[in-house]
Amino acid sequence: MAATLIIGSQWGDEGKGKIIDFLSAKADYIVRYQGGNNAGHTVINNYGTFPLHLVPSGIFSKATACISNGTVLDLEVLAEEIAMLEKAGIKLNGRLLISPRCHIIMPYHKLLDKLYEQAKGAGKTGTTGRGIGPVYADKVSYQGIRLYDLMNKKQFSDKLKVQLRIKNPILKVFGENPLTQKNVEKMIFKAYSKIKSFIVEPYPVLSKAAKNNKHILFEAAQAVFLDNDWGTYPYVTASSITTGGINAGCGIPVQNITDVIGVVKAYTTRVGEGPFPTELLDKEGAYLQKKGAEFGATTGRPRRCGWFDAELVRFACELNGFTSIAITKLDVLDTMKQIKICTGYTYRGKPVRYYDGDAEFLKKIKPVYKILPGWQQSTKGITQFEKLPQKAQNYIKELEKLIGVKAIYISTGPKREEIIAR
Ligand code: GDP
Ligand code: IMO
Ligand code: MG
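Quick caveat: nothing in here was measured; it's all calculated off a predicted structure.

Engineer: Sorry if this is basic, but what is going on with the overall build of the chain here?
Structural biologist: Along the chain, the regular secondary structure elements total 13 helices and 19 strands. Here the C-alpha radius of gyration of the chain, 21 Å, is about what a compact globule of 422 residues would show, namely 22 Å. Taking the principal axes of the C-alpha coordinates as reference, the chain spans close to 65 × 50 × 35 Å. The buried share among the 422 residues of the chain stands at 58%. In the chain, the proportion of contacts linking residues at least 24 apart, taken out of those at least 6 apart, comes to 76%. On the chain, roughly 17700 Å² of surface is accessible, and the fraction owed to carbon and sulfur atoms is 53%. Side chains of the chain give 59 positive and 39 negative charges; the mean places of these two sets differ by 2 Å.

Below, the structure written as structure tokens:
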């Protein structure tokens, strides 16, 4: 296991933070390579409960944590997260490396995120409001401001001046007050002073580690169906999440990746807008939301809930070359009488695949269900596969069969030790 990618296989919040925290004991490096503080990765271990937005979830181990160039940074959030971890007794000096190539989320990005959503009205994406779309848009259109720019005050000021010249008229059109150079500089430099000692390009360190066969864990944020290209566009996020995003997002060639573990919730959830073929709008959906505590770790928004969608995960597996999966939140299904699995889709009576159409098409397809009996017994905290009720074992085997890879981890509770490792 030289380099392993841990990636969400649905619409996020699969429990990536928990799996990374569990696996980090054996890792030398943990790398965030995309996304920003739209992510909320919950870790529950001996140190406490942490919703991590930017710092990799493996920070509680001996591993070195890297925030690589593909990640976008809200400096205030990052500074707060660092302070929270240091207060909890986690030593970060020398083991948190932040790339100077990271783009900075500026106050105007957050405002524009809000204004674009308002302008789209009913067709909104339902973003986290963290400025993610606008900061990545500036990155690809050469308007971005990076940590590198902050290292030279004049360079930063000059770039900010240009950006305010472009952004303020837009803000004005939408009825927002213009931003002043002085206020933005003051706010950014205050946060920068708290994080600047961690700025070190992780690439040479990771490159050497890969050559020396050190164990690197890549921590994807968001999930395959929020990927900008392969997700349910425009109900997606702005970054490249899939396996290929690693090379762009941290510089390590994809050939180094020996294992790709898809993290899969035992049912499906989604925050924000967009198609969701197996969504449950009835009391079963409400039950999953309550039992699974399905409220966003970043925004607190309720997550929409539905049955397991094997077509989604099967495609995620094909797209990313999963070598195995980690199934989480099995315990949430404990009291269900019957459990449905969507085995595939049809459109006008004919079988179709996820990739046969766009988000509008996905709203029209019909899920085909297989019904399995529930186990109606507690699986909470079970650590051996053989100790699971037979019907829960059958459910796992059915998912493995439909997806085509083995579930090497099965999570039976939010805590680090509540897991079956096969
Ligand atoms: P992430 O974004 O993929 O890291 O997932 P989140 O942290 O946003 O959401 C997953 C939620 O489920 C968190 O509240 C976790 O503490 C919790 N969780 C993770 N694994 C399990 C599990 O096996 N059982 C239960 N009941 N909760 C879990
Ligand atoms: P983790 O890493 C769930 C969703 C938002 C919205 C869409 C675009 O915790 O799994 P954005 O703010 O990125 O422009 O919003 O993506 N979204 C997530 N949903 N988990 C996440 O991260 C998410 N990050 C973004 O709800 O639908
Ligand atoms: Mg989350």
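Engineer: I'm lost on the site of ligand 2 in this one. Help?
Structural biologist: Neighbouring ligand 2 are 21 residues; Lys-16, His-41, Thr-128, Gln-222 and Thr-237 lie closest to it. Here Asp-13 contributes a backbone N or O atom positioned 2.8 Å from an oxygen atom of ligand 2. Here an oxygen atom of ligand 2 sits 2.9 Å away from a polar atom, N or O, in the side chain of Asn-38. When isolated, ligand 2 has an accessible area of 550 Å², and the protein chains bury 97% of it. Along the lines of polarity and charge, the residues of the shell around ligand 2 split into seven nonpolar, eleven polar and three charged.

Engineer: Would you explain the sheet that holds strand E10 (residues 259-265) in this entry?
Structural biologist: Within a sheet, each strand pairs with its neighbour through backbone hydrogen bonds, oriented either parallel or antiparallel. The nine strands are arranged E7-E5-E2-E9-E1-E10-E14-E18-E19 in an open sheet whose pairing can be described as mixed. Among the strands making up the open sheet, the edge pair consists of strand E7 (96-98) and strand E19 (419-421). Strand-to-strand twist across the sheet, computed as the mean angle between neighbouring axes with direction ignored, equals 20°. When strand E1 (residues 3-8) meets strand E9 (residues 216-219), the two strands line up parallel, connected through four bridges. Looking at the pairing, Leu-5 lines up with Phe-218 of E9.

Engineer: Please explain the packing of helix H6 (residues 153-173) against helix H7 (residues 181-195) as it appears in this structure.
Structural biologist: When two helices pack together, their arrangement is given by the angle between the helix axes and by the axis-to-axis distance. Two numbers describe how H6 lies on H7: the axes approach to 11 Å, and their chain directions differ by 130°. Taken together, the axis directions place H6 and H7 in an arrangement best described as oblique. At the point where H6 passes H7, the crossing takes the right-handed sense. Judged by residue contacts, Lys-153, Phe-156, Ser-157, Leu-160, Lys-161 and Leu-164 of H6 engage Gln-181, Val-184, Glu-185, Ile-188 and Phe-189 from H7. For the contact of H6 with H7, the per-class residue count stands at six nonpolar, two polar and three charged.

Engineer: Explanation requested: the coordination of the magnesium ion (ligand 3) in the structure shown.
Structural biologist: Expected angles at a metal are 109.5 degrees for tetrahedral coordination by four donors and either 90 or 180 degrees for octahedral coordination by six donors. Those donors, Asp-13 (OD) and Gly-40 (O), are the protein atoms that reach the magnesium ion (ligand 3), and they lie 2.1 to 2.2 Å from it. In this pair, Asp-13 is assigned in the loop between E1 and helix H1 (16-23) and Gly-40 in the loop between strand E2 (29-32) and strand E3 (41-45), connecting sequence segments 27 residues apart. Among the residues examined, Gly-40 registers a relative accessible area of 12% and is labelled buried.

Engineer: What am I meant to see in the site of ligand 1 here?
Structural biologist: Taken together, 19 residues lie near ligand 1, and Gly-15, Lys-16, Thr-42, Asp-331 and Ser-411 sit nearest. The contact in question runs from an oxygen atom of ligand 1 to an N or O atom on the backbone of Gly-40, over 2.8 Å. At 3.0 Å, a backbone N or O of Gly-413 approaches an oxygen atom of ligand 1. Out of a free accessible area of 580 Å², ligand 1 has 91% covered by protein chains. When contributions to the shell around ligand 1 are tallied by element, the ones reaching two or more residues are H1 and E3. Of the residues assigned to the shell around ligand 1, the class counts are four nonpolar, eight polar and seven charged. Inspection of the shell around ligand 1 shows a minimum of three residues originating in each of domain 1 (2-100 + 198-260) and domain 3 (264-421).

Engineer: What is the right way to read the nonpolar core from this model?
Structural biologist: Most often, soluble globular proteins have nonpolar side chains that are buried together. The biggest cluster of nonpolar side chains holds 70 residues, and the ones touching the most others in it are Leu-5, Ile-216, Phe-218, Phe-308, Leu-333 and Tyr-395. Not counting residues up to four positions away in its chain, the partners in contact with Ile-216 are Ala-2, Ala-3, Thr-4, Tyr-29, Val-31, Leu-206, Ala-209 and Ala-210. If you look at the next biggest cluster of nonpolar residues, it comprises 43 residues, including Leu-54, Phe-60, Ala-79 and Leu-147.

Rules used throughout
Residues numbered from 1 in each chain as written. Chains lettered and ligands numbered in written order. Predicted model: local features only at pLDDT ≥ 70, side-chain atom pairs only at ≥ 80, totals over all residues. Heavy atoms only, no water. Helix = DSSP H or I, 4+ residues; strand = E, 2+ residues; numbered from the N terminus. Rg over C-alpha atoms; globule rule 2.2 N^0.38 Å. Buried < 20%, exposed > 50% of the residue type's maximum accessible area, 1.4 Å probe, protein only. Contact = heavy atoms within 4.5 Å. Areas by Shrake-Rupley, 256 points an atom, 1.4 Å probe, with all protein chains shown as cover. Lys, Arg positive; Asp, Glu negative; His and termini not counted. Charge placed at Lys NZ, Arg CZ, Asp CG, Glu CD. Near = heavy atom within 4 Å. Polar contact = N/O pair within 3.5 Å; in protein donor to acceptor, adjacent residues only side chain to side chain. Nonpolar A, V, L, I, M, F, W, Y, C, P; charged D, E, K, R; others polar. Pairing = 2+ DSSP bridges. Axes fitted to C-alpha atoms, helices over the stretch in contact; angles between N-to-C directions. Parallel < 35°, antiparallel > 145°, perpendicular 65-115°, else oblique. Left-handed = near helix turned anticlockwise from the far one by under 90°. Donors = N, O, S within 2.8 Å, 3.2 Å for Na, K, Ca; no water. Domains from an automatic or database assignment. Core = buried A, V, L, I, M, F, W, Y, C linked by side-chain atoms within 4.5 Å.

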